[in-house]
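One-letter residues, chain by chain:
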Amino acid sequence: HLPSLRVQVLIRTIRTARTQAEEREMIQKECAAIRSSFREEDNTYRCRNVAKLLYMHMLGYPAHFGQLECLKLIASQKFTDKRIGYLGAMLLLDERQDVHLLMTNCIKNDLNHSTQYVQGLSLCTLGCMGSSEMCRDLAGEVEKLLKTSNSYLRKKAALCAVHVIRKVPELMEMFLPATKNLLSEKNHGVLHTSVVLLTEMCERSPDMLSHFRKLVPQLVRILKNLIMSGYSPEHDVSGISDPFLQVRILRLLRILGKGDDDSSEAMNDILAQVATNTETSKNVGNAILYETVLTIMDIKSESGLRVLAINILGRFLLNNDKNIRYVALTSLLKTVQTDHNAVQRHRSTIVDCLKDLDVSIKRRAMELSFALVNGNNIRGMMKELLYFLDSCDPDFKADCASGIFLAAEKYAPSKRWHIDTVMRVLTTAGSYVRDDSVPNLIQLITNSVEMHAYTVQRLYKALLDDISQQPLVQVASWCIGEYGDLLVSGQCEEEEPIQVSEDEVLDVLEGLLVSNLSTPVTRAYSLTAIMKLSTRFSSVNRIKKVVSIYGSSIDVELQQRAVEYNALFKKYDHMRPALLERMPIMEKTATNGPTDIAQTNGETDSTILDTKHLPSITQPARRCNYHICFCLAGIPPMTAYNKNGLKIEFTFERSNPSPNIAVITIHATNSTEADMTEFVFQAAVPKTFQLQLLSPSSNVVPALNQGSVTQVIRVLNPQKQQLRMRIKLTYTHKGSPVQDLAEVNNFPPQSWQ
Amino acid sequence: MQFMLLFSRQGKLRLQKWYVPLSDKEKKKITRELVQTVLARKPKMCSFLEWRDLKIVYKRYASLYFCCAIEDQDNELITLEIIHRYVELLDKYFGSVCELDIIFNFEKAYFILDEFLLGGEAQETSKKNVLKAIEQADLLQEVRHMCFLKICRISVLTQ
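Chain B is annotated in an unreviewed UniProt entry as AP complex subunit sigma of Cyprinus carpio carpio. One UniProt comment on chain B, placed under Subunit (unreviewed entry), says "Adaptor protein complex 1 (AP-1) is a heterotetramer composed of two large adaptins (gamma-type subunit AP1G1 and beta-type subunit AP1B1), a medium adaptin (mu-type subunit AP1M1 or AP1M2) and a small adaptin (sigma-type subunit AP1S1 or AP1S2 or AP1S3). Binds to MUC1." Among the UniProt annotations of chain B, the heading Sequence similarities (unreviewed entry) holds the following wording: "Belongs to the adaptor complexes small subunit family."

For chain A, an unreviewed UniProt entry supplies the name AP-1 complex subunit gamma and the organism Cyprinus carpio carpio. Turning to chain A, the UniProt annotation filed under Sequence similarities (unreviewed entry) states: "Belongs to the adaptor complexes large subunit family."

Next up, the structure:
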């Protein structure tokens, strides 16, 4: 048979392939050869073949047929075989496949091998990919090795133990005795891995945490030695002795000192020492400072130490290395709530970071800036943030705009400033503003009564410039619809009033209706705005014409509105002024409103800008709504019963979505001087109909028309027959029971046709 | 550390070390997406980015990107040092390492990594000790049968 290619020869060959297809062909050929070699149980070349397979696997080709071969290699007595076998196992096997369990016995044997490098291989493999079952089976062996005096093995056993604990947390206890003398080791490898093991145990168990608190003095000592000791060539990195170990010790100290006064005090000095003496010219020193800062902020450190930590972060912000600036901003975000004043001192540096070229830095600087806005710095900060909004990436604009709205709402020094800020956002980032900003801004504008004239003027002028930004256009339309009268009468006090005629205003609104740039929602806004102007402007005929044109619009929403507005003109003209009058001041619904914003946890990036926190506006008075509802449905109400002071009116709702269902609401009122109690309304319909009666609003009809009882009836009328109904009324009046039956035959045709 | 990937500027994978259990399909997906994301970064950007719920630390050495995924509590700056240490080890071992060394001797790159990190954490902080262990292990490959080692062991361990 063909001689087996050496691995490097195969690699070279594959690399000569000029196309994907050529490569695939070579790979398939070689895989076939490898497969037959495996089938022949060729021991000599198994190792080489698996190695080749691993190379091809890295290129993305399937190699699952080599899994069992890896196991055979692991079982071999040759070190070369074991090395490749274990590597193959780590690359090709995963714990979700049962075949990996076949490794368990081999690993067990190799953990006890006479050669430490073989023991090392098995520890490494177990610690990298051991499944829970394997860990359970082999934990005892690992524990044994954790107690060995061979530091080469001890350090590996410690990290293997970490993996075992992660997979099978209940086994943590069994490693406790072996941890006893871990920190007395001189060997840095063992020290480092021991600290990692102790960290894992403390993070997982409060009991372990309390138990290991006594190690704080020892950890402090080790750290001190690292800092104070002279140059140690073996562990030196740019003049710092074993930075990896220093960082891990600092992290363990953080966990041990958190929430514990005594421990925190015991580490106070060393933290101050590290913070002040660590060389900051290279990344390695800053890595240690960074960990130190995190520890200082998390434990119960004295205020001087905390300020020191924040100042380190402040210096980080000025570092040329963008990585350092990045971690500084991340850390400051975490501490801005608890150490707000200290962070405020670095506000200008943070704001400068808004101009950084790196996207992640910019984002953090933006979030931090919003966290730092308060009543004192709002004007200055807003200037910077608005400038940032102008020039930042589109990805940021939505969040930035939302943040600005929230900050403005919370800290606006004046209503005029607030409106101006809102205008600025709408005009510069109007297309990125979130949809829910529109109702919020409408509410803001409505409630800023003295600014109405100014607002509508500014919005109108903005529309003249640009009608492409939908949120801006929607707010502007709404505003013009509401306050168009102020616009044409030139009542603006805040700035020079513009001269504009009713026709010019209507031109603009009609322009929105026809523009390709307008979304359907925007068109709906402008049509409604035009309609509202019919009670504010004198050019009613023009408006009537527009409304009637859109009665045949393809856009269903527009068509519906136009038809309803038409009906308003034709049949309910007397109601038009009342319906279209100025909106009253809107109350905010109780939500976790903007007052919570400053208190949000800075760690969650988007919490500050979480749209769930934006308040939503309530609808204006409910009574108003149903009036619009019933008359816009086009079906007039009817009186079904009127006797002995009890009057029952039926109103009809549009039978959307099912045209066979008539939804009728009964309204019972009582003009007598005594309440009608225990009021029950019943109804019956002919057999071709089906009726559903929902719960009544109450069973007391108050005297003297002081209120009504309402109840909803749904009538299914599939055959579209003329609606008829028999009703039965029972109630108690002045102590006596009353009962009456009546036929209702005067249903308007539209209710059943 | 959850995983480490080495890849070229063309997006070709040169080494993949996974410290979390994932299916082959998931690994391929993560690799593809992450490689794309990192290659799209501009030189002026910092070495860290957030990706899914992980922190990614990456650094480019000549034609190779070294990319690590770490967890929230891990220190990004020291991870850069970890990457740098690994590069130094490769450099010392291969003598002025280049991408081709890692392509043609990929198994050695893994062996070196496995002497430096275990389960995603550093097991040895001394450069010298890592290199010594690799050297000794390489020697073992020359020996035919390990029973010889019982005789040689003393000299091997004290070197």
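Now for the side chain of A:His346. Residues and elements named next belong to chain A. Topologically, His346 is positioned in the loop between helix 18 (340-344) and helix 19 (347-352). His346 sits in the buried class, given a relative accessible area of 12%. Ignoring any residue separated from it by four or fewer positions in sequence, one finds His346 in contact with Ile310, Asn311 and Gly314.

Once that is clear, we can look at the interface of chain B and chain A. The partner chain A presents 76 residues to the 69 residues of chain B that form the contact. Counting across the chain B and chain A interface gives seven salt bridges. Between A:Lys156 and B:Glu115 there is a salt bridge, and its shortest N-O distance comes to 3.1 Å. Along the contact surface separating chain B from chain A lie 26 residue pairs in polar contact (both at pLDDT 80 or more). The class makeup of the residues in the side of chain B that touches chain A is 30 nonpolar, 13 polar and 26 charged.

All right, on to the pairing of strand 8 (residues 709-716) of chain A then. Residues and elements named next belong to chain A. Here strand 8 shows one buried face, formed by Val709, Gln711, Ile713 and Val715, and one open face, formed by Thr710, Val712, Arg714 and Leu716. Where strand 5 (residues 661-670) and strand 8 come together, eight bridges link them in antiparallel fashion. Considered in strand 8, the bridge of Ala668 is made with Val709.

With that settled, the discussion passes to unusual backbone geometry. All names here are of chain B. Phi is positive for Arg52, close to 50°, though the residue is something other than glycine. Inspection of the secondary structure puts Arg52 in the loop between strand 3 (48-51) and strand 4 (54-61). Its identity is not glycine, yet Ser96 carries a phi of approximately 55°, on the positive side. Relative to the assigned elements, Ser96 resides in the loop between helix 2 (76-94) and helix 3 (99-104). Judged by relative accessible area, Ser96 falls into the exposed class, the value being 60%.

This paragraph deals with a negative patch on the surface. Together, A:Asp262, A:Glu265, A:Asp269 and A:Glu302 make up a negatively charged patch on the protein surface. Look at A:Glu265 and you get exposed, because its relative accessible area is 63%.

What follows deals with the pairing of strand 4 (residues 646-653) of chain A. Residues and elements named next belong to chain A. As paired strands, strand 3 (residues 638-643) and strand 4 are joined by five bridges and run antiparallel to one another. Following the sheet pairing, Met638 is matched in strand 4 by Phe650. Here strand 3 folds back onto strand 4, and the loop between the two strands holds two residues, one of which, Asn644, carries a positive phi near 55°. As paired strands, strand 4 and strand 5 are joined by eight bridges and run antiparallel to one another. Following the sheet pairing, Ile648 is matched in strand 5 by Ala668.

Okay, the sheet that holds strand 8 of chain A next. All names here are of chain A. Pairing is antiparallel across the open sheet formed by five strands, whose spatial order is 3-4-5-8-7. Two strands in the sheet have a free side with no partner beyond their single neighbour: strand 3 and strand 7 (690-693). Direction aside, the axes of adjacent strands within the sheet are offset by 20° on average.

Below, the discussion takes up the state of the cysteines. The final tally for this structure, using the stated rule, is zero disulfides over all chains. Summary of cysteine pairing: B:Cys46 is not part of a disulfide, and the nearest cysteine sulfur, belonging to A:Cys353, is at 11 Å. Residue classification places B:Cys46 among the buried residues on the basis of a relative accessible area of 0%.

All names here are of chain A. Reading across the sheet, the three strands line up as 6-9-10 and stay open at both edges, with antiparallel pairing between neighbours. Two strands bound the open sheet, and with one partner strand each, they are strand 6 (676-684) and strand 10 (736-744). When the angles between neighbouring strand axes are averaged without regard to direction, this sheet yields 15°.

Residue and element names in this part refer to chain B. Considering all chains together, one arrives at 15 aromatic pairs over all chains under this definition. Between Phe7 and Tyr65 the ring centres are 5.5 Å apart and the planes differ by 15°, which places this aromatic pair in the stacked class. Of this pair, Phe7 sits in strand 1 (residues 3-8) while Tyr65 sits in strand 5 (residues 64-70); the two residues are 58 residues apart in sequence, bridging distant segments of the chain. Judged by its relative accessible area of 5%, Tyr65 falls in the buried class. Pairing Tyr61 with Phe66 gives two aromatic rings, centres 5.5 Å apart and planes at 80°, and the pair type is edge-to-face. Look at Tyr61 and you get buried, because its relative accessible area is 18%.

Right, let's talk about helix 23 (residues 415-429) of chain A for a bit. Here helix 23 of chain A contains 15 residues, and its C-alpha end-to-end distance of 21 Å stays within 8% of the 21 Å for a straight helix at 1.5 Å per residue. All of the buried residues along helix 23 of chain A are A:Trp417, A:His418, A:Ile419, A:Thr421, A:Val422, A:Met423, A:Val425, A:Leu426 and A:Ala429.

What follows deals with the confidence of the model for chain A. Looking at chain A, pLDDT values average 88 and 92% of them are 70 or higher. Below pLDDT 50 for its whole length, residues 590-633 of chain A participates in 72 contacts with residues either more than four positions away or in separate chains.

All right, on to the confidence of the model for chain B then. All names here are of chain B. Per-residue pLDDT for chain B averages 90, and the proportion of residues at 70 or more is 90%. The element-level mean pLDDT for chain B is lowest in helix 6 (residues 149-158), coming to 47, with strand 6 (residues 117-118) highest at 98. Across residues 148-159, where pLDDT falls below 50, the model places 11 contacts with residues more than four positions away in sequence or in other chains.

This brings us to empty space enclosed by the protein. To find the voids left in a structure, one rolls a probe of water-molecule size over its atoms. Overall, the coordinates contain six cavities of 30 Å³ or more when judged by the stated rule. Of the volumes computed, that of the largest cavity is approximately 210 Å³. Along the wall of the largest cavity there are 16 residues; nearest its centre are A:Arg248, B:Ile78, B:Thr79, B:Ile82 and B:Glu121. Of all elements in the fold, only helix 13 (243-257) of chain A together with helix 2 and strand 7 (121-122) of chain B reach the threshold of two or more residues within the lining of the largest cavity. It is helix 13 of chain A that provides the largest number of residues to the lining of the largest cavity, a total of four residues.

Within the secondary structure layout, A:Glu234 lies in the loop between helix 12 (216-228) and strand 1 (236-237). Judged by its relative accessible area of 27%, A:Glu234 falls in the partly exposed class. Sequence spacing of A:Glu234 and A:His188 is 46 residues, and the spatial spacing of their C-alpha atoms is 9.9 Å. Of the polar contacts made by the side chain of A:Glu234, one reaches the side chain of B:Asn129; its length is 3.2 Å.

Cut-offs used in this document
Residues numbered from 1 in each chain as written. Chains lettered and ligands numbered in written order. Predicted model: local features only at pLDDT ≥ 70, side-chain atom pairs only at ≥ 80, totals over all residues. Heavy atoms only, no water. UniProt positions renumbered as here; feature names shortened; annotations may be inferred. Helix = DSSP H or I, 4+ residues; strand = E, 2+ residues; numbered from the N terminus. Buried < 20%, exposed > 50% of the residue type's maximum accessible area, 1.4 Å probe, protein only. Contact = heavy atoms within 4.5 Å. Salt bridge = Lys/Arg side-chain N within 4 Å of Asp/Glu carboxyl O. Polar contact = N/O pair within 3.5 Å; in protein donor to acceptor, adjacent residues only side chain to side chain. Nonpolar A, V, L, I, M, F, W, Y, C, P; charged D, E, K, R; others polar. Pairing = 2+ DSSP bridges. Patch = residues over 30% accessible without salt bridge, like charges linked within 9 Å, V, L, I, M, F, W, Y side chains within 5 Å. Areas by Shrake-Rupley, 256 points an atom, 1.4 Å probe, with all protein chains shown as cover. Lys, Arg positive; Asp, Glu negative; His and termini not counted. Charge placed at Lys NZ, Arg CZ, Asp CG, Glu CD. Axes fitted to C-alpha atoms, helices over the stretch in contact; angles between N-to-C directions. Disulfide = S-S within 2.5 Å. Phe/Tyr/Trp six-rings, centres within 6.5 Å; stacked < 30°, edge-to-face > 60°. Expected span 1.5 Å × (residues − 1). pLDDT = per-residue confidence, 0-100. 1 Å grid on protein atoms, 1.4 Å probe; cavity = no way out; pocket = protein on both sides within 12 Å on 5 of 7 lines; lining within 4 Å. Points joined across faces, edges and corners; volume = space filled by probe spheres on them.

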